[in-house]
Amino acid sequence: MGGDPGWRLSWSLGVFRTENDDDIINIASTVVPNFGFFQNAGTTLRQGVEAKLDYGWNRWKAYANYTYVDATYQSPLTISSANNPVAQSDPNENIHVVPGDHIPGIPAHRLKLGAEYAITDAWKLGADLNVVGSQYLLHDDSNQNQKVPAYWVTNLHTSYQVTQNIEIFGLVQNLFNQHYYSAGTFVSTAGFTSNSGGANFLTLNDPRTFIPGMPLAAYAGVKITF
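Predicted model, so just to flag it, every value in this text is computed and none were measured.

Peer 1: Break down the nonpolar core for me, citing the residues and quoting the values.
Peer 2: Counting 12 residues, the largest nonpolar core consists of Ile25, Ile27, Ala41, Val69, Ala71, Tyr73, Leu77, Ile79, Ala87, Ile95, Val97 and Ile103. At the level of elements, β2 (24–28), β5 (60–73), β6 (77–80) and β7 (94–97) are the ones that each hand at least two residues to this core. If you tally residues by element for this core, the top one is β5, at three residues. In this structure Leu77 touches Ala41, Gly42, Ile95, His96 and Val97, once residues within four positions along its chain are discounted.

Here you go:
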């Protein structure tokens with residue numbers, strides 16, 4: 001919708017619901033360490049909301065995007081989950097999923113806010129904030145372990161249009177050098193055996209492993225179009 005000349009506002013709202021039969025999921029192998037295979041998972045459900053807001057005024061542009069995803073199993077499952085602490089008490093290293101358990105690796109909440117200012121007709125400067133909610137570790141399909149924590153990251157970007165075909169740009173990712181994890185799973189704590197048959201090395205006392213997010217990084221470049 002619009003109002004007085006010089007500013008504009010647009011928005012959108014969507015609702016989705018997808019149910020899959022004989023869905024396919026990745027299963028951790030109990031035979032080959034740190035490997036896996038694929039297996040049918042019965043019925044799964046993904047439903048949620050997507051909302052978007054865009055605003056512009058004079059030399060300013062701003063936006064907000066939000067997504068909520070409720071991804072759950074709808075069928076009871078007994079699946080192997082090697083290295084999962086919950087499965088260690090089971091003779092076959094299985095975990096038991098019940099309808100309503102959440103699918104791992106899918107954050108329920110995602111929010112992105114951003115703004116950009118045109119300092120001149122050629123020079124633009126902007127920033128955005130990404131907020132990602134917590135998620136269950138991969139292969140924690142029964143949701144009995146601690147989640148990967150939520151995190152937020154701020155980025156900066158700038159660009160200068162030298163000519164119609166040449167643009168200089170710069171990007172700073174994770175401006176405040178936040179330490180966060182983008183995902184997590186389980187690994188064997190036994191470590192590795194050297195080629196000479198010696199003692200194991202890199203042994204661990206916790207099977208949970210987390211993938212670190214990108215640290216502070218800065219880029220610059222030139223974009224040429226023909």
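Next, the rest of the story.
Peer 1: Tell me what's going on with a nonpolar patch on the surface, and back it up with residues and numbers.
Peer 2: Judged by side-chain polarity, Ile119, Trp123, Leu125, Tyr160, Val162, Ile166, Ile168, Val222, Ile224 and Phe226 come together as a nonpolar surface patch covering roughly 990 Å² of accessible area. Of all the elements in the fold, those that place two or more residues in the nonpolar patch are β9 (123–132), β11 (166–173) and β16 (217–224). With respect to the helices and strands, Tyr160 occurs in strand β10 (residues 151–161).

Peer 1: With reference to specific residues and values, describe the pattern of salt bridges.
Peer 2: Inspection of the entire model under this criterion finds three salt bridges. With a closest N to O distance of 3.2 Å, Asp121 and Arg59 form a salt bridge. Placement of Asp121 in the loop between β8 (109–118) and β9 and of Arg59 in the loop between β4 (44–57) and β5 is noted, with a sequence separation of 62 residues between them. Since its relative accessible area comes to 71%, Asp121 is described here as exposed. The salt bridge involving Asp206 is made with Arg208; its shortest N-O contact spans 3.0 Å.

Peer 1: Talk me through the packing of aromatic side chains; I want residue IDs and the actual numbers.
Peer 2: Aromatic ring pairs are defined here through the distance separating the ring centres and the angle between the ring planes. Applying the stated rule across the entire model yields five aromatic pairs. Seen from their ring centres, Trp60 and Tyr117 are 4.8 Å apart, and the 45 degrees between their planes marks the pair as tilted. With Trp60 in strand β5 and Tyr117 in strand β8, the pair connects residues that are 57 residues apart, well separated along the chain. Taking the relative accessible area as the measure of exposure, Tyr117 reaches 30% and is therefore partly exposed.

Peer 1: How would you explain the pairing of β10 if you had to name every residue and give the values?
Peer 2: Here β9 pairs with β10 via 10 bridges, running antiparallel. Paired with Val131 across the strands is Trp152, a residue of β10. Looking at chain direction, β10 and β11 are connected through six bridges and run antiparallel. Opposite Leu156, over in β11, you have Val172 as the bridge partner.

Peer 1: So, the sheet that holds β10: which residues are in play, and what are the values?
Peer 2: Pairing is antiparallel in the open sheet, where eight strands are placed in the order β1-β4-β5-β8-β9-β10-β11-β16. Both outer strands of the open sheet, β1 (7–20) and β16, are each paired with one neighbouring strand and no more. Strand-to-strand twist across the sheet, computed as the mean angle between neighbouring axes with direction ignored, equals 10 degrees.

Peer 1: Which residues make up the environment of Tyr136, and what values do they have?
Peer 2: When you line up the elements, Tyr136 lands in the loop between β9 and β10. Judged by its relative accessible area of 17%, Tyr136 falls in the buried class. Leaving out residues up to four positions away in the same chain, Tyr136 has contacts with His102, Pro104, Gly105, Asn143, Asn145 and Lys147.

Definitions and limits used
Residues numbered from 1 in each chain as written. Predicted model: local features only at pLDDT ≥ 70, side-chain atom pairs only at ≥ 80, totals over all residues. Heavy atoms only, no water. Core = buried A, V, L, I, M, F, W, Y, C linked by side-chain atoms within 4.5 Å. Buried < 20%, exposed > 50% of the residue type's maximum accessible area, 1.4 Å probe, protein only. Helix = DSSP H or I, 4+ residues; strand = E, 2+ residues; numbered from the N terminus. Contact = heavy atoms within 4.5 Å. Patch = residues over 30% accessible without salt bridge, like charges linked within 9 Å, V, L, I, M, F, W, Y side chains within 5 Å. Areas by Shrake-Rupley, 256 points an atom, 1.4 Å probe, with all protein chains shown as cover. Salt bridge = Lys/Arg side-chain N within 4 Å of Asp/Glu carboxyl O. Phe/Tyr/Trp six-rings, centres within 6.5 Å; stacked < 30°, edge-to-face > 60°. Pairing = 2+ DSSP bridges. Axes fitted to C-alpha atoms, helices over the stretch in contact; angles between N-to-C directions.

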